[in-house]
Amino acid sequence: MVYQLQFRPYQRSFVRSLSTSHGNWETREGIIIKLIDETGVIGWGEIAPLPWFGSESLAEALDFCSQLGKEITTETIFSIPDELPACQFGLQSAWEAIKQPQKATFNFKFSGLLPTGEAALHTWQKLWQEGYRTFKWKIGVLPITAEIDLFNKLIQALPNEAKVRLDANGGLNWEKAIEWLEICDRWQIEFLEQPLALGKEKAMLELSKKYSTPLALDESVATIAQLKACYQLGLRGIFVIKPCIAGSPFHLREFCQQNNLDIVFSSVFETTIGRQAALKLATEIPSKNRALGFGINHWFKEDEETWLASLWNHL
Ligand SMILES: O=C(O)CCC(=O)C1=CC=C[C@@H](O)[C@@H]1C(=O)O
Ligand SMILES: [Mg+2]
C-alpha cells in the first residue's frame, strides 16, 4: 500500500523554562505527520524527539522525513531503523490511525507536573482546583538542602490525600539518593523517579532493595531496547514509558502485554496528535491504577486546538 506523506515541523514555547538536572528546556520542537491512503483516509502522527533522553534529534528526524519524498509504503513505515524511535512512533501510529481511527476520549487520571523549585509552592493550588490529586516535582536541580527545605514546605502545604512523586532525572549520587529516599519513606512518596544516572541501573537495583519507596526508571528505559535490557537485569520497580520516543507502538504493546510491568505512561510534551496515539496505547497495555504523567497542558500558553489547526492550514 502506498500513502501520500506530508509533514510539518513545529515549535511551541513553554510558559516557563522546564528546569531539570539535564538543564533548562524552553521550546518543544517536533514534526506533525499526515498520511493519506489511496481512498483518501487520513492518519495523523507526531514525531516528538527528546535527544537528551536518547532519541534522535529533530534535525535527524527532519532529514529522515525529507528523504522519504511525497509517497511512502507500508514496508518503509515498518523498516524505520531503531536509531529513529520517535520517527518509528510517529509514522507507525499515523499508519495505525488510518487502519483504526483513534478514540477521542480517555478517562485516565493524570499527574500534574509542578514547576521545579519554589514555584511549586504557588502553583499546586490551581492544579488541585482543576482536579489533580497526584503531583510530580523535579529534584536534583537546586542544592539538596534548599530542595529538602522546599519539599518540606510543599508536602506540609498539600492536602493529605495528595500523592507526590519526585523525579531526579538522574541528577543524584548514591549519598543524595539515600538522603532523599529516607525522606520519601517518611512521607510515603509514591515513587522516586530516576534517582541515579543512565548507566547506573545495577546501583538502582541495589538501592531499590533498601527502602519502601519504589524507584521508577525513566531515562534508563527510554527506548524499547533499554526497557528490555532493564527487565532482563531484574529491575521490577516502576517503568516510566514515554510512548512517543520509545519506538514502534507495535513492539512496545507486544512486550508490555507479554510482561506484567508496573507502568506509568508519560508525556514528552507532545501535541494532541502524539498524545492521542500515546493514550490509545495506554488503553491497550495493562498497568496498575497509577495517574498518567500527562498533566502538562498548563506548560503551554496557547490553546492547542487552534494552534494545531493554524499550523496545518499553512501546509
Ligand atoms: O511524566 C510526567 O509526569 C510529565 C512529563 C515529564 O515529567 C517529563 C517529560 C519530558 C522530559 C522530562 O523533563 C520529564 C521527565 O523526566 O519525566
Ligand atoms: Mg522523568
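One numbering rule holds for all chains: residues counted from 1, following each sequence as written. As they are written, the chains are lettered A onward and the ligands numbered 1 onward, keeping that order. The predicted nature of this model means local features are confined to residues of pLDDT at least 70 and side-chain atom pairs, given and counted, to a pLDDT of 80 or more, with totals for whole chains, interfaces and linings taken over all residues.

Here we look at the site of ligand 1
Near residues are defined by distance alone, with the backbone-placed C-beta atom required to lie within 6 Å of the molecule or strand. Taken together, 13 residues surround ligand 1, and among them Thr20, Leu113, Lys136, Ser266 and Gly293 come closest. Only Asp, Glu, Lys and Arg are considered charged in this grouping, and only Ala, Val, Leu, Ile, Met, Phe, Trp, Tyr, Cys and Pro are considered nonpolar; every other residue, Gly among them, is considered polar. Here the residues of the shell around ligand 1 are counted per class, giving four nonpolar, six polar and three charged.

Thoughts on the UniProt feature "active site" (unreviewed entry) in the protein chain
UniProt positions are given in the numbering used here, feature names are shortened, and annotations may be inferred rather than shown by experiment. Per the UniProt record, "active site" (unreviewed entry) is found at Lys138 and Lys242. Counting through the fold element by element, lysine 138 comes out in strand β6 (residues 134-138). Here contacts are defined at the residue level, using C-beta atoms placed from the backbone and a cut-off of 7 Å between them. In contact with lysine 138, other than residues within four places in its own chain, are Thr20, Thr116, Asp167 and Asn169. Strands are runs of DSSP state E lasting at least two residues, helices are runs of H or I lasting at least four, and both sets are numbered from the N terminus onward. Tracing the chain through its elements places lysine 242 in the loop between β10 (238-241) and α9 (243-246). For lysine 242, a count of 27 C-beta atoms within 10 Å puts it in the buried group. Look past the residues within four positions of lysine 242 in its chain and what remains in contact with it is Ala222, Ser266 and Val268. Between the buried cut of 20 or more and the exposed cut of 12 or fewer other C-beta atoms within 10 Å of a residue's own C-beta lies the partly exposed class, and all C-beta atoms are placed from the backbone.

As for the nonpolar core
In plain words, the nonpolar core is the set of buried Ala, Val, Leu, Ile, Met, Phe, Trp, Tyr and Cys residues that C-beta atoms within 7 Å link up. Among the nonpolar cores identified, the biggest contains 82 residues, and Ile33, Ala61, Ala86, Leu166, Leu192, Phe239 and Ile245 are the most heavily contacted of them. Here the element with the most residues in this core is helix α3 (residues 85-99); it accounts for seven residues. Each of domain 1 (2-101 + 302-313) and domain 2 (110-299) gives at least three residues to this core. When near neighbours in sequence (up to four residues on either side) are disregarded, isoleucine 33 contacts Phe7, Trp44, Gly45, Glu46, Ile47, Gly90, Leu91 and Ala94. Boundaries of every domain are those given by an automatic assignment or by a domain database.

What to know about the sheet that holds strand β7 (residues 163-167)
Strands qualify as paired when DSSP identifies two bridges or more between them. Overall, parallel pairing links the eight strands, which are arranged β11-β10-β9-β8-β7-β6-β5-β12 in an open sheet. The strands lining the two open edges of the sheet, one partner per strand, are β11 (262-265) and β12 (292-295). Taking the axes of each pair of neighbouring strands and ignoring which way they run, one obtains an average angle of 35 degrees across the sheet. Of the pairings in the sheet, the one linking β7 to strand β8 (residues 191-193) comprises three bridges and is parallel in character. Across the sheet, the residue bridging to leucine 166 is leucine 192, located in β8. Inter-axis angles, ranging from 0 to 180 degrees, are taken between N-to-C directions of lines fitted to C-alpha atoms, where helices are fitted over the stretch in contact.

Let's talk about unusual backbone geometry
In this structure, asparagine 169 takes a positive phi of about 50 degrees despite not being glycine. Counting through the fold element by element, asparagine 169 comes out in the loop between β7 and α6 (174-187). Taking the C-beta count within 10 Å as the criterion, asparagine 169 has 24 such neighbours and is therefore assigned buried. With phi around 40 degrees, glutamine 194 is a residue other than glycine that occupies positive phi space.

Some words on the domain arrangement of the protein chain
Splitting the protein chain by domain gives domain 1 (2-101 + 302-313) and domain 2 (110-299). Here the C-alpha centre of domain 2 lies 24 Å away from the C-alpha centre of domain 1. Facing 30 residues of domain 1, the contacting portion of domain 2 comprises 31 residues. Only β1 (2-20), β2 (23-36), β3 (42-47), α3 and α12 (304-313) provide two or more residues apiece to the side of domain 1 that touches domain 2.

Structural notes on the environment of phenylalanine 78
By secondary structure assignment, the location of phenylalanine 78 is in the loop between α2 (74-77) and α3. Spatially, the C-alpha atom of phenylalanine 78 lies 19 Å from that of cysteine 256, the residues being 178 residues apart in sequence.

Details of the UniProt feature "domain: Mandelate racemase/muconate lactonizing enzyme C-terminal" (unreviewed entry) in the protein chain
Mapped onto this numbering, the UniProt entry gives "domain: Mandelate racemase/muconate lactonizing enzyme C-terminal" (unreviewed entry) at residues 117-214. Its end C-alpha atoms 23 Å apart, residues 117-214 is made of 47% helix and 13% strand.

Focus on the pairing of β2
When β1 meets β2, the two strands line up antiparallel, connected through 13 bridges. The partner of proline 9 across the bridge, within β2, is isoleucine 31. Hairpin remark: β1 followed by β2, antiparallel, with two residues in the connecting loop. Of the strand pairs in this sheet, β2 and β3 are connected by six bridges, and their pairing is antiparallel. If you follow lysine 34 over to β3, its bridge partner there is tryptophan 44.

Notes on α3
Here α3 contains 15 residues, and its C-alpha end-to-end distance of 21 Å stays within 8% of the 21 Å for a straight helix at 1.5 Å per residue. Among the 15 residues of α3, 13 are classified as buried, and the element is accordingly described as predominantly covered. Every helix has an expected span of 1.5 Å times one less than the residues it contains.

Topic: the sheet that holds strand β4 (residues 71-73)
With respect to topology, four strands assemble into an open sheet ordered β3-β2-β1-β4, the strand pairing being antiparallel. Whereas interior strands pair on both sides, the edge strands pair on one side only; in this sheet they are β3 and β4. Pairs of neighbouring strands in the sheet enclose a mean axial angle of 40 degrees, with direction left out of account. Sitting on the sheet, helix α11 (residues 272-284) is in contact with β2 and β3, with an inclination near 100 degrees to β3.

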